[in-house]
Amino acid sequence: MDDIELIRRARTGEEAAFSELVRRYQRQVANLVYLTMGTRDGLEDLAQEVFIRVHRSLPRFNFRSSFFSWVYRITVNLCIDEIRKRKIRRALSLEFLADGGDQRVLDHPAHSTPADDLLKEERRQMVLDGLQALSPMHREVLILREYQDLPYEEIARVLGVSVQAVKSRLFRARTELRNRLKDYIRGEP
Amino acid sequence: MTHEIWKELISRHVDGETTPEEERQLHNHLATCSECRDFQEDLKQLRPAIREAAVLDLGPSFVVTVNERLREEESRIDSWIAVERLARNTVMGLAFTVAVVLAVMASMRSREANAPEPTILTASNDSTAARVLLEHEELTKGDVLLAVVTK
């Protein structure tokens, strides 16, 4: 069954239809949150909140854009809100003052990693840190292209910009991330 | 062309978004420019690096948790709707009562306004009438009493 039919059924309150939509997109949403936030801390709660909002907004989905584009906007808006909240919480915490305020909000993985995965985890963290260092505008376009594999036209629709702007942002984002990860990606076997 | 322009072309090239003519020009340029070759190689590594970083899966229990949260939310909304309905009914009941009271009061006032002018012998003015009549010496208290009783 395609997304459209599932959305129609979910709108009528069919729980199984919405569950299927969740199953289809949960991995993408989780990784979008992960790449955008740069941490696993609170990730599952955020991913749940995305689908709660999706469910709440289903009656307003107009079928003109793809379901994923719509879910993506909800995910990104939620992540932006969360980043803002975490920054405020951190700014208000005593730990922030004690540390001189130089620690980043999103740099602590919530789970410990087995020893043999440490290297992989370190590499992942470097990429995540690199992505976090980009402006939100550049991070978004890079995630949509490199992770979601969306064509330029679809990225332009999701972001509400021209295809030319997508090309330009992608080039800037790639150049900046490449400069940050140059040593790491060249060290790869 | 500057390196900046070649690199922008390389960015589109790794996405397969270049024309055959651009591909030909780029191929010739890369044959002679090590800086742009390095750039191209690095860009090709970005995609696997990002994908390797995004390896999370939430597992089958995730959808169960989402459904539980949705049911909780629906139950909360139902509670609010019940509270709202009760509040609305209470307010409407009060408004109806007030409207009825006001209508009754208005009706009474209107009835009073339309009532005939009181005569000298209406109950409220009987004592005044009696006093006035008594002031005229021709009438006795018995005459006045008789007049009142007759009325």
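As the structure is a computational prediction, the values presented were derived from the model and not from experiment.

Asker: Any chance you could explain the overall build of chain B here in plain terms?
Answerer: The helix and strand inventory of chain B stands at six helices and zero strands. Its helices and strands taken in sequence order, chain B reads α-α-α-α-α-α from the N to the C terminus. Per-residue burial over chain B gives 11% buried out of 151 residues. Expressed as a percentage of contacts within chain B between residues at least 6 apart in sequence, the contacts between residues at least 24 apart total 36%.

Asker: Teacher, can you tell me more about the overall build of chain A here?
Answerer: If you tally the helices and strands in chain A, you get nine helices and zero strands. Reading chain A from its N terminus to its C terminus gives the helix and strand order α-α-α-α-α-α-α-α-α. Expressed as a percentage of the 189 residues in chain A, the buried residues total 33%.

Asker: Honestly, the nonpolar core in this entry has me stumped. Any pointers?
Answerer: Looking at soluble globular proteins, one finds that nonpolar side chains tend to be buried together. All names here are of chain A. The biggest cluster of nonpolar side chains holds 56 residues, and the ones touching the most others in it are V29, V33 and L35. Ranked by residue count, the leading element in this core is helix α2 (residues 15-37), at eleven residues. Apart from residues lying up to four places away in sequence, V33 is in contact with L43, L46, A47, T75 and C79.

Asker: Even after reading the chapter, I still don't get the packing of α2(A) against helix α4 (residues 61-114) of chain B, so can you show me in this structure?
Answerer: Packed helices, taken two at a time, are described by the angle between their axes plus the distance between the axes. Contact geometry for α2(A) and α4(B): axes closest at 10 Å, N-to-C directions at 135°. Taken together, the axes of α2(A) and α4(B) lie oblique to each other. At the point where α2(A) passes α4(B), the crossing takes the right-handed sense. Where α2(A) approaches α4(B), its residues E15(A), S19(A), V22(A), R23(A) and Q26(A) are matched on the opposing element by F62(B), V63(B), V66(B) and N67(B).

Asker: Before we go on, may I ask you to explain the environment of R53(A) in this structure?
Answerer: Residues and elements named next belong to chain A. Mapped onto the elements, R53 comes out in helix α3 (residues 43-57). In sequence terms R53 and I74 are 21 residues apart; their C-alpha atoms lie 7.5 Å from each other. With near-sequence residues (within four places) excluded, R53 lies in contact with I74 and L78.

Asker: How do you make sense of the interface of chain B and chain A when you look at a structure like this?
Answerer: One frequent convention defines the size of an interface as the accessible area lost when the parts assemble. Contacts between the two partners involve 28 residues from chain B and, on the opposite side, 35 residues from chain A. Counting residues per element, the ones that place at least two in the side of chain B that touches chain A are α1 (3-13), α3 (34-53) and α4 of chain B. A class-by-class count of the residues in the side of chain B that touches chain A yields twelve nonpolar, four polar and twelve charged.

Asker: Sorry, what's going on with the confidence of the model for chain A here?
Answerer: Low-confidence regions, as indicated by low pLDDT, have predicted coordinates that should not be scrutinised in detail. Residues and elements named next belong to chain A. Put simply, chain A has an average pLDDT of 83, and 85% of its residues get 70 or more. The spread of mean pLDDT over the elements of chain A runs between helix α5 (residues 94-98), the lowest at 51, and α3, the highest at 93. Low pLDDT (under 50) marks residues 99-109, which in the prediction has 13 contacts with non-local residues, meaning those over four places away or in another chain.

Analysis parameters
Residues numbered from 1 in each chain as written. Chains lettered and ligands numbered in written order. Predicted model: local features only at pLDDT ≥ 70, side-chain atom pairs only at ≥ 80, totals over all residues. Helix = DSSP H or I, 4+ residues; strand = E, 2+ residues; numbered from the N terminus. Buried ≥ 20, exposed ≤ 12 C-beta atoms within 10 Å, placed from the backbone. Contact = placed C-beta atoms within 7 Å. Core = buried A, V, L, I, M, F, W, Y, C linked by C-beta atoms within 7 Å. Axes fitted to C-alpha atoms, helices over the stretch in contact; angles between N-to-C directions. Parallel < 35°, antiparallel > 145°, perpendicular 65-115°, else oblique. Left-handed = near helix turned anticlockwise from the far one by under 90°. Nonpolar A, V, L, I, M, F, W, Y, C, P; charged D, E, K, R; others polar. pLDDT = per-residue confidence, 0-100.

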